[in-house]
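Each chain is listed here by its residues.
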Amino acid sequence: MHTPFTAPRRVRAPGTIGLIAPSGCISDPPILDNGISRLEARGWRVKQGANIRKAWKYFSATDAERVAELHEMAADPEVDVVMAVRGGYGFSRILDRIDYAALAASGKTFVGFSDFTALNLALLAKTGYQSVSGPMARVDFGDGDVEPLMEAHFWPLLTDPSHDTPEIPCEHPHGSRRIEGIAWGTNLTLIANMAGTPFMPVFDHGILFLEEIGEEPYHVDRCLYQLKQAGVLDRQAAIILGTFNGYDRNNDAAKRFTMEDVTESLRELVTCPVLTGYPFGHAAEKICVPVGGAAALSISASGYQLQFSSYNR
């Protein structure tokens, strides 16, 4: 497997995690505190960014303050991993203010999901630097039980040169095969919103991971058609659908046009394999995705398995 992108430094764990709040504000500090305690209990040192306990309108802080926090964590020589505390909305407002070269030169691992997808994609587009679509401090380590599957597949992304997922059951119409490509994604709305902007990476033979929350199937379908018409879907070697949740499955629109209908429509829309059931998204159970890393996808009659590599150095 080969990737043309630049990987972050391999972390000698436990190191130091720097926490940032690049999007929404934290409304429940005790849950964040719980997440910090759990990270520290694993032996990690935690540095708290300037904004993680602040609030400005919907956001954690002003646009300028959130950019400054990100740059400060990237420049801090003690920090190995820069992790978001939560998602929401906010990265789209600051994409044109970020010093991507400085982030890439830091060699650090940047990790988060949901709204963090904007940074995952922009880093890849602007510098070819890889990052991780993975857990966030308040969401995945502070709220409820920590999911063992998430931890089993997150920490290796920081410390190991490669790792495999378990076989993921999936009913599909595709024949058995092996596909190699570049792993990327993950939040569908962010990807659709960024299409056509200078912050959207463009490359061939991608393995595209998609997930979403709070959007009815017709909205998911609309975003997929946007990506098809923008030429994004036709460049993919495979498309893997994760968790699509948080909408009312019993309302009339969702009953008349289901996520199963969306998947069937997508398979008619593209020539590459479309697989379902990947445990990633707005749920505790998640297998993280190295955005820009090499991936080998092995499809069998009963499901599929992934091998990730070249995501650190």
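Up top is the structure.
Please read these numbers as outputs of a predicted model, since none were measured by experiment.

Peer 1: Explain helix H1 (residues 29-41) residue by residue, including any values.
Peer 2: The terminal C-alpha atoms of H1, which comprises 13 residues, lie 18 Å apart, in line with the 18 Å expected from a rise of 1.5 Å per residue. For H1, the elements touching its buried residues are strand E1 (16-20), strand E2 (45-48), helix H6 (137-142) and helix H7 (148-159). The positive-phi residue at the C-terminal boundary of H1 is Gly43, with phi of around 100°.

Peer 1: Can you explain the nonpolar core? Please cite residues and give values.
Peer 2: By size, the foremost hydrophobic cluster in this structure holds 105 residues, and its most contacted members are Ile239, Tyr278, Leu297 and Tyr304. Every residue in contact with Tyr304, bar those within four places of it in the chain, is listed here: Pro166, Glu167, Ile168, Cys170, Ile240, Leu275, Thr276, Gly277, Tyr278, Leu297, Ser298 and Ile299.

Peer 1: Give me the lowdown on the packing of aromatic side chains, citing residues and values where you can.
Peer 2: This structure, assessed with the given rule, holds 14 aromatic pairs. Seen in terms of ring centroids, Phe154 and Trp155 are 4.8 Å apart; in terms of plane orientation they differ by 50°. Their pairing is tilted. Side by side, Phe154 and Trp155 carry an identical accessibility label, which is buried. Members of the aromatic cluster, each reached through a chain of ring pairs, are Trp44, Phe141, Phe154 and Trp155. Above the ring of Phe113, the side-chain terminus of Lys286 is found at 4.4 Å from the ring centroid.

Peer 1: Describe the pairing of strand E14 (residues 303-309), naming the residues involved and giving the relevant values.
Peer 2: If a strand is regular, its side chains alternate between the two faces of the sheet. Summarising burial for E14: five of the seven residues are buried, a large majority. Two elements, strand E6 (residues 162-164) and E14, share three bridges in a ladder whose sense is antiparallel. When the bridges of E14 are listed, Ser162 appears paired with Ser309. Two strands pair when backbone bridges link them, and strand E7 (residues 168-169) and E14 are joined in this way by two bridges, in the antiparallel orientation. Directly across from Pro169, in E14, lies its bridge partner Gly303. The turn joining strand E13 (residues 294-299) and E14, which pair antiparallel and follow one another in sequence, is formed by three residues.

Peer 1: How would you summarise the packing of helix H9 (residues 217-229) against helix H11 (residues 259-269) if you had to cite specific residues and measurements?
Peer 2: Remark: H9 packs on H11, axes separated minimally by 9 Å, with the N-to-C direction vectors making an angle of 15°. The orientation of H9 relative to H11 falls into the category roughly parallel. The element H9 and its partner H11 pack so that their crossing is right-handed. When H9 is examined against H11, the residues Pro217, Val220, Asp221, Leu224, Tyr225 and Lys228 are found in contact with a partner set consisting of Met259, Val262, Ser265, Leu266 and Leu269. Looking at side-chain class alone, the contact of H9 with H11 contains eight nonpolar, one polar and two charged residues.

Peer 1: Lay out the pattern of salt bridges with the relevant residues and their values.
Peer 2: Going through the model one piece at a time under the given rule, you end up with 15 salt bridges. In this structure, Arg138 and Asp143 form a salt bridge, with 3.4 Å as the shortest nitrogen-oxygen distance. Each of the salt bridges in this network shares a partner with another, and the network as a whole consists of Asp63, Arg66, Arg93 and Arg97.

Basis of the calculations
Residues numbered from 1 in each chain as written. Predicted model: local features only at pLDDT ≥ 70, side-chain atom pairs only at ≥ 80, totals over all residues. Heavy atoms only, no water. Helix = DSSP H or I, 4+ residues; strand = E, 2+ residues; numbered from the N terminus. Expected span 1.5 Å × (residues − 1). Contact = heavy atoms within 4.5 Å. Core = buried A, V, L, I, M, F, W, Y, C linked by side-chain atoms within 4.5 Å. Buried < 20%, exposed > 50% of the residue type's maximum accessible area, 1.4 Å probe, protein only. Phe/Tyr/Trp six-rings, centres within 6.5 Å; stacked < 30°, edge-to-face > 60°. Lys NZ or Arg CZ within 6 Å of the ring centre and 35° of its normal. Pairing = 2+ DSSP bridges. Axes fitted to C-alpha atoms, helices over the stretch in contact; angles between N-to-C directions. Parallel < 35°, antiparallel > 145°, perpendicular 65-115°, else oblique. Left-handed = near helix turned anticlockwise from the far one by under 90°. Nonpolar A, V, L, I, M, F, W, Y, C, P; charged D, E, K, R; others polar. Salt bridge = Lys/Arg side-chain N within 4 Å of Asp/Glu carboxyl O.

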